[in-house]
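Residues per chain, in single letters:
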Amino acid sequence: MSAPTTASGSAGRIAAEAPAAPAAPAALTARAPQVPAERLVAEMVPPPRFATVSFDNYITDPGQPSQAEAVEALRGFAGQLDGGADAKGGRRRRWFRRETRPAANGGPRGMYLDGGYGVGKTHLLASLWHATPAAPELKAFGTFVELTNLVGALGFQQTVKTLSGHRLLCIDEFELDDPGDTVLVSTLLGKLVEAGVALAATSNTLPGKLGEGRFAAADFLREIQGLSAHFRALRIDGEDYRHRGLPAAPAPHSDETVTQAARHIPGASLDDFPALLDHLSRVHPSRYGAMCDGVQAVCLTGVGPIPDQSTALRLVVLADRLYDREVPVLASGVPFDQLFSEEMLNGGYRKKYFRAISRLTALARDAKGLADASYGR
């Protein structure tokens, strides 16, 4: 005859058989990664969202002929680029074949994609990177912020030395936010062009208008005109593809729903939005990408209007890094189109803010269904 089961023994078996509670979600506010300079250089490649794009899978809008024209111009540009030395250090050849090398009068050596947010400029820039006949180690791709962060990490002379060995430098989201950036980037790109590096960039602002509305651009006209001289501008018209024919972004969820979802989504992070904004002020923007390493979904509670311009610009960088990595965002509070004040949306950084709204809205759409899944619905 078996021994009677005691209450304590029964409780022990029940506890042992009960499913484990979901692991507590991570918090971005607990992360302050240190990123070595070598990683900053090694990661200057198209982000995961654009890892497999090409000119062939760029879907042009028949009503916007400038899109097809840009594709053909960039195909031609890629075809003119000479792959040069192989990754093992073979002899370096000139960027342009003899018959297509620009005249000695200092004509444009790069392509500049100008257009509104969501028309596929980054897709085309990444397609150019992929199509350029050179080893990945000899091509660099990064945002304007990442480029200036690289200078901060390596120093100006080391950055010139490092990038001068590349065949192509692609700069996404090219903007000049202050006079220091204007002088820095003008000098840097001039040195790289002298070294034979081909350039390509995207922006919402024509090269001759960079800095307008942000600082006394007229005082730095020589530098701005010098930057403009490096590029042939291609205008790309069209509407934001992220909202083309798609339903409106999901409405914000409740705090309880977001918290519950974060506890059931593997690899999710959970943060109070005001606390996250405060944390961003203590982490250099060059580290925001590393801060998102391994995060499969970002869950935010208490999303509200951004209090000031500096905070808003930091959030723009985080939104870009999340979008690059295709990390869905589940949030409570106000909708993302209410993050920035009317003053911000009418100011010098308005294009940055509209891009952030567009990208966060797309990520909120990507997160649709996560909350339902966490409740088993």
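Residues numbered from 1 in each chain as written. Predicted model: local features only at pLDDT ≥ 70, side-chain atom pairs only at ≥ 80, totals over all residues. Heavy atoms only, no water.

### Some thoughts on the packing of aromatic side chains
Scanning the model with the defined rule gives three aromatic pairs in all. Centre to centre, the rings of tyrosine 349 and tyrosine 353 are 6.5 Å apart; their planes meet at 50°, and the pair counts as tilted. Just above the ring of tyrosine 323 sits the side chain of arginine 49; from NZ or CZ to the centre is 3.8 Å. A cation over an aromatic ring shows up here: lysine 139 above the ring of tryptophan 129, its NZ or CZ 4.2 Å from the ring centre. (Phe/Tyr/Trp six-rings, centres within 6.5 Å; stacked < 30°, edge-to-face > 60°. Lys NZ or Arg CZ within 6 Å of the ring centre and 35° of its normal.)

### Section: the pattern of salt bridges
One pass over the structure, following the stated rule, counts 14 salt bridges. In this structure, arginine 39 and glutamate 43 form a salt bridge, with 2.5 Å as the shortest nitrogen-oxygen distance. Of the residues examined, arginine 39 reaches a relative accessible area of 24% and is grouped as partly exposed. Taking the relative accessible area as the measure of exposure, glutamate 43 reaches 39% and is therefore partly exposed. In this structure, the salt-bridge partner of arginine 355 is aspartate 320, at a minimum N-O distance of 2.8 Å. Highlighted residues: arginine 355 in helix H14 (residues 350–366) and aspartate 320 in helix H12 (residues 309–324), separated in sequence by 35 residues. (Salt bridge = Lys/Arg side-chain N within 4 Å of Asp/Glu carboxyl O. Buried < 20%, exposed > 50% of the residue type's maximum accessible area, 1.4 Å probe, protein only. Helix = DSSP H or I, 4+ residues; strand = E, 2+ residues; numbered from the N terminus.)

### Let's talk about the packing of helix H3 (residues 65–80) against helix H4 (residues 121–131)
Running from N to C, H3 and H4 point in directions that differ by 25°, and their axes come no closer than 9 Å. Here H3 lies roughly parallel to H4, going by the angle between them. Once H3 is placed against H4, the crossing between them reads as right-handed. On H4, the residues touching Ala70, Val71, Leu74, Phe77 and Ala78 of H3 are Leu124, Leu128 and Ala131. The residue makeup of the contact of H3 with H4, split by class, is eight nonpolar, no polar and no charged. (Axes fitted to C-alpha atoms, helices over the stretch in contact; angles between N-to-C directions. Parallel < 35°, antiparallel > 145°, perpendicular 65-115°, else oblique. Left-handed = near helix turned anticlockwise from the far one by under 90°. Contact = heavy atoms within 4.5 Å. Nonpolar A, V, L, I, M, F, W, Y, C, P; charged D, E, K, R; others polar.)

### Quick notes on the environment of threonine 159
Following the sequence through the fold, threonine 159 ends up in helix H6 (residues 156–164). With a relative accessible area of 0%, threonine 159 lands in the buried category. Taking the C-alpha atoms as reference points, threonine 159 and valine 41, 118 residues apart in sequence, are found 9.5 Å from one another. If we ignore the near neighbours within four places in the chain, the residues touching threonine 159 are Leu150, Val151, Leu154 and Leu188. In this structure the side chain of threonine 159 is engaged in a polar contact, spanning 2.7 Å, whose partner is the backbone oxygen of glycine 155. (Polar contact = N/O pair within 3.5 Å; in protein donor to acceptor, adjacent residues only side chain to side chain.)

### Considering the sheet that holds strand S7 (residues 297–303)
Across the sheet, three strands lie side by side as S6-S7-S8; this open sheet has parallel pairing. Two strands bound the open sheet, and with one partner strand each, they are strand S6 (268–272) and strand S8 (329–333). Direction aside, the axes of adjacent strands within the sheet are offset by 15° on average. Relative to S8, S7 runs parallel, the two being bridged by four bridges. Note on S8: the bridge partner recorded for cysteine 299 is leucine 330. (Pairing = 2+ DSSP bridges.)

### With respect to helix H10 (residues 273–280)
Taken together, the buried positions of H10 are occupied by Phe273, Leu276, Leu277, His279 and Leu280. Buried residues in H10, looked at end-on, bunch into an arc of 160°, giving them a common side. Buried residues in H10 make contact with S6, helix H11 (288–291), S7 and H12. (Arc of directions from axis to C-beta.)

### Brief notes about the sheet that holds strand S3 (residues 168–172)
If you trace the five strands from one edge of the open sheet to the other, you get S2-S3-S4-S1-S5, paired in parallel fashion. At either margin of the open sheet sits one strand with a lone partner, and together these are strand S2 (139–143) and strand S5 (231–236). With direction set aside, neighbouring strand axes in the sheet form an average angle of 15°. Sheet analysis places S2 next to S3, joined by five bridges and oriented parallel. Across the sheet, residue threonine 143 finds its bridge partner in S3, namely aspartate 172. Contacts from H3 reach strand S1 (110–115), strand S4 (198–203) and S5 within the one sheet, and its direction differs from that of S5 by about 150°.

### What about the side chain of aspartate 320?
For aspartate 320, a relative accessible area of 3% puts it in the buried group. Within the structure, aspartate 320 has its side chain in polar contact with the side chain of arginine 359 (distance 2.9 Å).

### Brief notes about the side chain of threonine 122
Along the chain, threonine 122 turns up in helix H4. Those residues in contact with threonine 122 that sit more than four places away from it in its chain are Phe50, Phe141, Asp172, Thr202 and Arg359.

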